[in-house]
Every structure is written in structure tokens, then in C-alpha cells.
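So you can see what is in the structure, the chains are spelled out below.
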Amino acid sequence: MAVNRPTRGTVRHARRGAVVRPEIDPVVVVRARDLLERAEILVENADGVPDDAERFRQYYLAALRAAGAALAVYEPPTKRVSRRVSPNAWSRISSAVPDLAEFAEAFARLSAVRMEIESGLRRSVEGSAVAALRSRVLSFLDAVEDIIVGYEQGKLAHQSVDRSDYGYDHIA
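Now for a look at the structure at hand. (Residues numbered from 1 in each chain as written. Predicted model: local features only at pLDDT ≥ 70, side-chain atom pairs only at ≥ 80, totals over all residues. Heavy atoms only, no water.)

### What to know about the layout of surface pockets
Here the idea is plain: a probe the size of a water molecule rolls over the atoms and shows the empty space left.
So, step 1. Empty space within the second largest pocket amounts to approximately 200 Å³.
So, step 2. Lining the second largest pocket are 11 residues, with Gly68, Leu71, Ala72, Glu75 and Arg92 sitting closest to its centre.
So, step 3. Within the residue set of the lining of the second largest pocket, elements represented by two or more residues are helix H1 (26-47), helix H2 (52-74) and helix H3 (89-96).
So, step 4. Considering only residue class, the lining of the second largest pocket consists of 7 nonpolar, 1 polar and 3 charged. (1 Å grid on protein atoms, 1.4 Å probe; cavity = no way out; pocket = protein on both sides within 12 Å on 5 of 7 lines; lining within 4 Å. Points joined across faces, edges and corners; volume = space filled by probe spheres on them. Helix = DSSP H or I, 4+ residues; strand = E, 2+ residues; numbered from the N terminus. Nonpolar A, V, L, I, M, F, W, Y, C, P; charged D, E, K, R; others polar.)

In C-alpha cells form, the structure reads like this:
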């Protein structure tokens, strides 16, 4: 007798033939897509700004919005978050989404520059630093888009359905 193996993102219930899919919360999708769209708008706006320091600041803020989009997927509002969780998006990204940790570390190192620009302590940034930040932000936005699409398709690891919940723990 052949055993039906579950396909990616689904589990077939052996007795009833029902398909159990990972839960996809439409509120999470809308929130994540909204934040990613805001990030993309910030990049477009920054591209038109002649001042390097202001462009740098806007690219950095775009990265923060994209981080919010990734966290919307991995830290949905229904999940109770410990009070000891850092309010810092970059440290949260590193722990919640290890695939984005390298981006988070790079952006965290630039946080002080962004604060100096906003406070007026820094008035200029090298054009090459701005270009490098833009490139990194665009790659980050692509990675976050992949996460959102993966969530929408039920393919993220934290969405997997536990086979034992459906009487499958004995099937290989």
C-alpha cells in the first residue's frame, strides 16, 4: 500500500482526505505589504534628493520600514512578545529572521550616522557611502519581498504544520 506523502505546505489527513494548510493571516500580509510599499516609496523619494546626507537618511529609513515588514511576518500582533524584547528593529531582525542577520548588522552599524544627520551633527556623507547604502537597501527590500511571498504561499518554516497534530507522527 502506497503512503501519500504530504506536499510542501500541505498535510493530507490520512482518514478523511482533508488538506490542512498553514495559516496565512491576511492582516499580517496587508501590514507587511504596506510597510514594504512605504519602504519602496522612501527609496524612490531619496533617489530624487540632491543632498547626500538626506538621501542617506531616507535610504536608512526605507531599510527600517522593510525591517518592519519582515517583523510583521515573523512577529505578528497575535503573538505575545516578552517585555524584555529589544525595541531595536535590527536586533529583533537578527533573532527573528536569521536569514536577514547580515543586513541587520550592517544597518545597525549605520544607525549612529542616521541619528547624527537627523540631529544636525553631521551635514555631509560621502557619495560612495550613499551609493553603497542604496545598493544594500535594494537587496534588503528584495529579501523582505521574498519573505512576504513565502508567507503568502505558506512556505516559511514557522508556518509549517506539525504532522503529529493530525495523527501523522508515525508516517515517514
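What follows picks up the thread again.
### Regarding the side chain of Ser111
So, step 1. Within the secondary structure, Ser111 is located in helix H4 (residues 101-119).
So, step 2. A distance of 3.4 Å separates a polar atom in the side chain of Ser111 from a polar atom in the side chain of Tyr60. (Polar contact = N/O pair within 3.5 Å; in protein donor to acceptor, adjacent residues only side chain to side chain.)

### Structural notes on the packing of H1 against H2
So, step 1. Two elements in contact, H1 and H2, have axes whose closest approach is 8 Å; the angle formed by their N-to-C orientations is 170°. Considering their axes alone, H1 and H2 lie roughly antiparallel with respect to each other. Residues Val28, Arg31, Ala32, Leu35, Leu36, Arg38, Ala39, Leu42, Val43, Asn45, Ala46 and Asp47 of H1 lie in contact with H2, whose contacting residues are Arg55, Gln58, Tyr59, Leu61, Ala62, Arg65, Ala66, Gly68, Ala69, Ala72 and Val73. (Axes fitted to C-alpha atoms, helices over the stretch in contact; angles between N-to-C directions. Parallel < 35°, antiparallel > 145°, perpendicular 65-115°, else oblique. Contact = heavy atoms within 4.5 Å.)

### Regarding the pattern of salt bridges
Should their charged atoms come close, side chains of opposite charge can pair.
So, step 1. Under the defined criterion, the tally for this structure stands at 10 salt bridges.
So, step 2. Of the charged contacts, one joins Glu145 and Arg33 as a salt bridge, the two residues approaching to 3.0 Å between their closest N and O atoms. Taken together, the residues Glu145 in helix H5 (residues 127-152) and Arg33 in helix H1 connect sequence positions 112 residues apart.
So, step 3. A salt bridge links Glu75 to Arg92, with the nearest nitrogen and oxygen atoms 2.5 Å apart. Taken together, the residues Glu75 in the loop between H2 and H3 and Arg92 in helix H3 connect sequence positions 17 residues apart.
So, step 4. Each of Glu54, Arg57, Arg114 and Glu118 takes part in one network of salt bridges that share partners. (Salt bridge = Lys/Arg side-chain N within 4 Å of Asp/Glu carboxyl O.)

### Overview of a negative patch on the surface
So, step 1. A cluster of like negative charges, contributed by Glu37, Glu40, Glu44, Asp142 and Asp146, occupies part of the molecular surface.
So, step 2. Elements that contribute at least two residues to the negative patch include exactly H1 and H5.
So, step 3. Ranked by the residues each element gives to the negative patch, the list is headed by H1, at 3 residues.
So, step 4. Looking at where Glu44 falls in the secondary structure, it is placed in helix H1. (Patch = residues over 30% accessible without salt bridge, like charges linked within 9 Å, V, L, I, M, F, W, Y side chains within 5 Å. Areas by Shrake-Rupley, 256 points an atom, 1.4 Å probe, with all protein chains shown as cover. Lys, Arg positive; Asp, Glu negative; His and termini not counted. Charge placed at Lys NZ, Arg CZ, Asp CG, Glu CD.)

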